[in-house]
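Chains, contacts and geometry: an overview
Each chain is listed here by its residues.
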Amino acid sequence: MNQQRLNLIRENMKKAGLHQIIVTETEPVFYLTGIWIAPMERMMALYLDDSGRVVFFGNKLFGLQPQEGMEVVEHTDSDDPVAQLAQTVAPGVLGIDETWPSRFLIGLMKHRPDVQPVAGSLPVEQATMYKDEEERQRMREASAIDDACVDMAIHSVKAGATEREISTKVENFFKEKGCDKLGFSIVAMGANGADPHHDADDTVLKEGDSIVIDIGAPFNHYWCDMTRTVFYKTASEEQRKVYELVRQANEAAIAAVKPGLPLREFDLAARKVIEDGGYGEYFTHRTGHSIGMKEHEKPPVASDCDVIARPGMVFSIEPGIYLPGKFGVRIEDLVLVTEDGCEVLNKYPKDLIVVE
Ligand SMILES: [Mn+2]
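Small disclaimer: the values here were computed from a predicted structure and weren't measured. (Residues numbered from 1 in each chain as written. Predicted model: local features only at pLDDT ≥ 70, side-chain atom pairs only at ≥ 80, totals over all residues. Heavy atoms only, no water.)

Before going further, it helps to spend a moment on the packing of aromatic side chains. Inspection of the entire model under this criterion finds seven aromatic pairs. Considering the side-chain rings of Phe184 and Trp223, the 6.1 Å spacing of their centres and the 10° angle between planes classify their relative orientation as stacked. One end of the pair, Phe184, is in strand β7 (residues 184-189); the other, Trp223, is in strand β10 (residues 222-223), and 39 residues separate them in sequence. Across the pair, exposure class does not vary: Phe184 and Trp223 are buried alike. Plain terms: the ring middles of Phe231 and Tyr243 are 5.9 Å apart, the flat faces sit at 70° to each other, and that makes the pair edge-to-face. In this pair, Phe231 is assigned in strand β11 (residues 226-232) and Tyr243 in helix α8 (residues 237-256), connecting sequence segments 12 residues apart. In this structure Phe231 comes out as buried when scored by relative accessible area, which is 0%. Residue Tyr243 is classed as buried on the basis of its relative accessible area of 1%. In this structure, Arg271 packs its charged tip against the face of Phe283, placed 4.1 Å from the ring centre. (Phe/Tyr/Trp six-rings, centres within 6.5 Å; stacked < 30°, edge-to-face > 60°. Helix = DSSP H or I, 4+ residues; strand = E, 2+ residues; numbered from the N terminus. Buried < 20%, exposed > 50% of the residue type's maximum accessible area, 1.4 Å probe, protein only. Lys NZ or Arg CZ within 6 Å of the ring centre and 35° of its normal.)

As structure tokens, this is what we get:
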């Protein structure tokens, strides 16, 4: 058990008025125990209460090793794991992850009508939102791989290239660098770039295309995520203008990031640049999302987000302009909030590149 992190979650439980919670998602269980388990259809629950008790309920297949300060209760596929859990929880309010499957929750409610389940993800979210030094280091390392990968991808932009080819090269690169699993590798050429989540297909590169390259994967359980947009052979006046606006929006938001301000300020900083440039209606999404052990975490960098930035938060700054039927531009970096501003985890340059 990581005692420091456990204490943090306990403090958050107190603030939330929760005396007991169960943590059931892979990421927070890893955060606390250092054990990474994808339970699939089987039950996994880490029970925490305010007396200091920690009980890990898991299938024998998980191969759980006992740890100091943590009891282990194992079940087999023929047991009823919910009944085991039901024997441990105290009467009254029980905080439960919002993603815990109802096939378990319904069983627990049947076994224990005296237990009142409530949404209980907050104590964990409020801890994992602020990355500690070990986590920051892992995220820096993951982003360094992303920088190298985007460089490789940009060098793969050449006559006859298809989206799928470049996207596959990105995946292979990530695999060679030891990603935990494949993430995403959006490669969107020309008009496809106007769809922010375009799936790479057999589109062939042509002169004058913009190429949006948005790539990321988890390394040592922490995600990277970045986007660069380049042009092939030529960039029209409009493409250059849109690119510069997006770059300025990205840089304005990054310049605005400092602790003590609500996250919406960073969204608005990016949005203002694009609106003032006359393309506001084509910036169709929020400016960014938090990231860590999950690819998208709370809180979002959105115009209505009043969560205050604090040191240790990591989120994306990824403004974009999408012109349907024409092209798209997005530029994305991850930033880590520091004591007096932010550290940009991605170092890859953002000057306009026209690949010859
Ligand atoms: Mn992103």
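A few words on the side chain of Arg330. For Arg330, the location among the structural elements is in strand β16 (residues 327-330). Looking at Arg330, its side chain comes within polar contact range of the main-chain oxygen of Pro196, at 3.2 Å. At 2.9 Å, the side chain of Arg330 forms a polar contact with the side chain of Asp214. (Polar contact = N/O pair within 3.5 Å; in protein donor to acceptor, adjacent residues only side chain to side chain.)

We now examine the sheet that holds β7. Within a sheet, neighbouring strands are paired by backbone hydrogen bonds and run either parallel or antiparallel to one another. Pairing within the open sheet is mixed, and its four strands lie in the order β7-β8-β11-β19. Of all strands in the sheet, those with a lone pairing partner are β7 and β19 (354-355), marking the two edges. Pairing analysis gives six bridges linking β7 to strand β8 (residues 210-216), with the strands arranged antiparallel. Counted as the bridge partner of Ser185 is Ile215 from β8. Here helix α6 (residues 133-155) sits on the sheet and contacts β8, β11 and β19; the angle it forms with β8, its principal contact strand, is near 150°. (Pairing = 2+ DSSP bridges. Contact = heavy atoms within 4.5 Å. Axes fitted to C-alpha atoms, helices over the stretch in contact; angles between N-to-C directions.)

Enumeration according to the criterion identifies 24 salt bridges in this entry. Notably, a salt bridge pairs Asp214 with Arg330, separated by 2.9 Å at the nearest N-O pair. Residue Asp214 is located in strand β8, and its partner Arg330 is located in strand β16; the two are separated by 116 residues in the primary sequence. As far as burial versus exposure is concerned, Asp214 and Arg330 are alike and both buried. For Asp333, the salt bridge identified is with Lys350, shortest N-O distance 2.6 Å. (Salt bridge = Lys/Arg side-chain N within 4 Å of Asp/Glu carboxyl O.)

Moving on, we come to the domain arrangement of the protein. As assigned here, the protein comprises domain 1 (3-128) and domain 2 (133-355). Computed from C-alpha atoms alone, the centre-to-centre distance between domain 1 and domain 2 is 35 Å. The partner domain 2 presents nine residues to the nine residues of domain 1 that form the contact. When the two sides are added together, the surface that domain 1 and domain 2 hide from each other amounts to roughly 840 Å², 55% of it contributed by carbon and sulfur. When the buried surface of domain 1 facing domain 2 is broken down by residue, Arg5, Glu27 and Phe30 rank first, second and third, together holding 47% of it. Across the pair Arg5 and Glu134 runs a salt bridge whose closest N-O atoms are separated by 3.9 Å. For the pair domain 1 and domain 2, the number of links is three residue pairs in polar contact (both at pLDDT 80 or more). (Domains from an automatic or database assignment. Buried area = accessible area lost by both parts, 1.4 Å probe.)

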